[in-house]
Amino acid sequence: MSDILIVDDERDIRELVSDILEDEGYSTRLAGNSDECMTAINSEPPGLLILDIWLKDSRMDGIDILKAVKRDNPDVPVVIISGHGNIEIAVAAIKQGAYDFIEKPFNIDQLMVVIRRAMETSRLRRENASLKRKEVSSSDMIGKSAAFRAMQGQLDKVTKSNGRVMLSGPAGSGKEIAARYIHAHSNRANSPFVTVNCAGVEPERMEEVLFGRETAERGVESGLLEEAHGGVIYFDEVADMPLGTQSKILRVLVDQQFQRVGGTDKVRVDLRVISSTNRNLEEEIAAERFREELYHRLNVVPVAVPSLEERREDIPVLAQHFIGICNETQGLPMRELSDEAVALLQTMTWPGNVRQLKNLIERVLILGDGTGPVEARELPSEEEKSDETGRVVLSGALATLPLREAREAFEREYLLTQINRFGGNISRTASFVGMERSALHRKLKSLGVVTSNKSGARVAQIDEPEPAE
């Protein structure tokens, strides 16, 4: 996309413009009719298109070519030239997406000014899009737990394909980061990544947002599907997409084309689709809130994104990563985490998952008054655990139990928390709690605590007895 394609039915005009541009250091290609023009564009999109509005002996006129270019190659700026220009044609061309309009006979200096501005605008747009993609893709996935490695292994398998991926997991677990990871490591990494926030768009506006629209007053307005052309479209929380829109998206997946709202032209797109959900879509289908055929189209490769509870081992490295981000983006202190703070973070409950951890770290750094290690006392406690004298305050449920049952309940919850904190590793748990490994195994058996595989990691849970028949 570095040369200039000149399209004019008058040979003298296109060769004159070509000579002028080549004297200025530009490379050019020439076309004398619409067929030659479209063949040149389809073989390699130019950096700029100079287009005559009237083309003799052509299937398409300049406006038709302009529409096709803006539909299939929206990043290519188009400068319209015509010897029969008038204000109506100029307005029509600009509404259809032309960069500017110049009448014949044109002033060479004026033409060069318009071309330089158009090329510069195009360059800045490409650089801006590239910088945005680099900014996003620089946020690598962080973790080392077994559950994280299992998920990353699945993601690595799908990066080089064009298959549709469905990411499932609780809110805040990092589904969008997983989607961006696929994009950043795919052959579409240099193309757009466009997010559709299905829950954040009003249902009555969803189709305009996705497909764009055409009106007499404002011409063509591109939607998110066009913006994602050549790259990835990410449907965030796809279960919130309106039913009516679901059927139209299904048609886009089948045909790879659609019509803008209010338009008649077919818009062709080349898209890879990644979706995410925190709901059980099979239950949504049973409740007639989600189309089964769309589900099967989107769910070609299902990937589960584990909750933070399932990857507690990753909490220290995630927390330190967020401290680094806050330091870089907000100038907040670059602090380490004390061992006590790490232990507390790993034993807390995280209904908001990774997003909740990120927000907590940011709050601690903002409210903190030092640059030394973050201490456990700076972290919010989920409930009051001790009084001013340091005595432990029992929860109401525990205080009502006899001593033996209370001790067992405490030991069970304590060991469950520690085993999950260490990713199911019994040896590390035994070392931390100060028990021999064999003694810990006996204790777990007596308390009814077992470990099992879940999302690629060992997770401790209560061994529920089989119900009596």
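Residues numbered from 1 in each chain as written. Predicted model: local features only at pLDDT ≥ 70, side-chain atom pairs only at ≥ 80, totals over all residues. Heavy atoms only, no water.

Visitor: Is there a simple way to think about the overall build of the protein in this case?
Guide: Check the secondary structure of the protein and you find 19 helices and 16 strands. In the protein, once contacts between residues fewer than 6 apart in sequence are set aside, the share between residues at least 24 apart is 68%. Element-wise, carbon and sulfur atoms account for 48% of the exposed surface of the protein, whose accessible area totals about 24,700 Å². (Helix = DSSP H or I, 4+ residues; strand = E, 2+ residues; numbered from the N terminus. Contact = heavy atoms within 4.5 Å. Areas by Shrake-Rupley, 256 points an atom, 1.4 Å probe, with all protein chains shown as cover.)

Visitor: Any chance you could explain the environment of Met-60 here in plain terms?
Guide: With respect to the helices, strands and loops of the structure, Met-60 is situated in the loop between strand 3 (48–52) and helix 3 (62–72). Considering only alpha carbons, one finds Met-60 and Asn-33, 27 residues apart in sequence, at a separation of 8.3 Å. For Met-60, the residues in contact, after removing those within four places along its chain, are Ser-34, Met-38, Leu-55, Ile-65 and Ala-68.

Visitor: Even after reading the chapter, I still don't get the packing of aromatic side chains, so can you show me in this structure?
Guide: To describe a pair of aromatic rings, you give the distance between the ring centres and the angle between the ring planes. As enumerated under the stated definition, the model contains four aromatic pairs in all. Look at Phe-410 and Tyr-414: their rings are 5.8 Å apart centre to centre, the planes differ by 20°, and that puts the pair in the stacked class. Linking Phe-410 with Tyr-414, this pair stays in helix 17 (residues 403–421), spanning four residues, or about one helical turn. A cation over an aromatic ring shows up here: Arg-421 above the ring of Phe-432, its NZ or CZ 4.4 Å from the ring centre. (Phe/Tyr/Trp six-rings, centres within 6.5 Å; stacked < 30°, edge-to-face > 60°. Lys NZ or Arg CZ within 6 Å of the ring centre and 35° of its normal.)

Visitor: Any chance you could explain the sheet that holds strand 3 here in plain terms?
Guide: The strands making up a sheet associate through backbone hydrogen bonding, with each pair oriented either parallel or antiparallel. Across the sheet, which stays open at both edges, the five strands sit in the order 2-1-3-4-5 with parallel pairing between neighbours. Either end of the sheet is taken by a strand with one partner, and the two such strands are strand 2 (28–31) and strand 5 (100–103). Strand-to-strand twist in this sheet, taken as the mean axis angle between neighbours without regard to direction, amounts to 20°. The sheet contact formed by strand 4 (residues 78–82) and strand 5 spans four bridges and is parallel. (Pairing = 2+ DSSP bridges. Axes fitted to C-alpha atoms, helices over the stretch in contact; angles between N-to-C directions.)

Visitor: Please explain the pairing of strand 4 as it appears in this structure.
Guide: Burial within strand 4 is extensive, with five of its five residues counted as buried. Every second residue of strand 4 is oriented toward a common face, with Val-78, Ile-80 and Ser-82 on one face and Val-79 and Ile-81 on the other, all of them buried. Relative to strand 4, strand 3 runs parallel, the two sharing four bridges. By the bridge assignment, Ile-50 is partnered in strand 4 with Val-79. As a crossover connection, the stretch from strand 3 through helix 3 into strand 4 is right-handed. (Buried < 20%, exposed > 50% of the residue type's maximum accessible area, 1.4 Å probe, protein only. Right-handed = clockwise from strand over helix to strand, strands pointing away.)

Visitor: Is there a simple way to explain the environment of Glu-282 in this structure?
Guide: Residue placement: Glu-282 occurs in helix 11 (residues 281–286). Taking the C-alpha atoms as reference, Glu-282 lies 8.0 Å from Glu-292; in sequence the two are ten residues apart.

Visitor: Help me understand the nonpolar core, please; the structure alone is not making it clear to me.
Guide: It is characteristic of soluble globular proteins that their nonpolar side chains tend to be buried jointly. Ranked by size, the top nonpolar core spans 32 residues in total, and within it Leu-225, Ile-233, Phe-235 and Ile-249 carry the most contacts. Looking at this core, the elements that each hand over two or more residues are strand 7 (193–197), helix 8 (206–211), helix 9 (224–227), strand 10 (232–236), helix 10 (243–255), helix 11 and helix 12 (292–298). Dropping the residues within four chain positions of it, Ile-233 is found in contact with Val-194, Val-196, Leu-224, Leu-225, Ala-228, Leu-271, Arg-272, Val-273 and Ile-274. Grouped together as the second largest cluster of nonpolar side chains are 25 residues, Val-7, Ala-31, Ile-41 and Val-78 included. (Core = buried A, V, L, I, M, F, W, Y, C linked by side-chain atoms within 4.5 Å.)

Visitor: Where do I start with a nonpolar patch on the surface in this structure?
Guide: Judged by side-chain polarity, Phe-410, Tyr-414 and Phe-432 come together as a nonpolar surface patch covering roughly 310 Å² of accessible area. Judged by its relative accessible area of 42%, Phe-432 is partly exposed. (Patch = residues over 30% accessible without salt bridge, like charges linked within 9 Å, V, L, I, M, F, W, Y side chains within 5 Å. Salt bridge = Lys/Arg side-chain N within 4 Å of Asp/Glu carboxyl O.)

Visitor: I would appreciate a short explanation of a negative patch on the surface in the present structure.
Guide: On the surface, Glu-282, Glu-283, Glu-292 and Glu-293 cluster together to form a negatively charged patch. Elements represented by at least two residues in the negative patch include exactly helix 11 and helix 12. Classification of Glu-292 by relative accessible area gives partly exposed; the value is 47%. (Lys, Arg positive; Asp, Glu negative; His and termini not counted. Charge placed at Lys NZ, Arg CZ, Asp CG, Glu CD.)

Visitor: In this structure, what is going on with the sheet that holds strand 10? I would like to understand it.
Guide: Pairing in this open sheet of five strands is parallel, and the strands run 7-10-13-6-14 from one edge to the other. The open sheet has two free edges, formed respectively by strand 7 and strand 14 (301–304), since each of these has just one partner strand. Across this sheet, the average inter-strand angle for adjacent strands is 20°, counted without regard to direction. Relative to strand 10, strand 7 is paired through five bridges, and the arrangement is parallel. Each residue of the ladder has a partner; that of Asn-197, found in strand 10, is Asp-236.

Visitor: I would appreciate a short explanation of empty space enclosed by the protein in the present structure.
Guide: With a probe scaled to a water molecule rolled over the atoms, the places where space remains empty come into view. In the structure shown here, the tally under the stated rule is two cavities of 30 Å³ or more. There is about 60 Å³ of room inside the largest cavity. Residue composition of the lining of the largest cavity, grouped by class: two nonpolar, three polar and six charged. Space inside the second largest cavity adds up to approximately 40 Å³. If you trace the second largest cavity, you find it lined by Leu-225, Ile-233, Phe-235, Ile-249, Val-252, Leu-253, Gln-256, Leu-271 and Val-273. Counting residues per element, the lining of the second largest cavity draws most heavily on helix 10, at three residues. Among the residues making up the lining of the second largest cavity, the classes are represented as eight nonpolar, one polar and no charged. (1 Å grid on protein atoms, 1.4 Å probe; cavity = no way out; pocket = protein on both sides within 12 Å on 5 of 7 lines; lining within 4 Å. Points joined across faces, edges and corners; volume = space filled by probe spheres on them. Nonpolar A, V, L, I, M, F, W, Y, C, P; charged D, E, K, R; others polar.)

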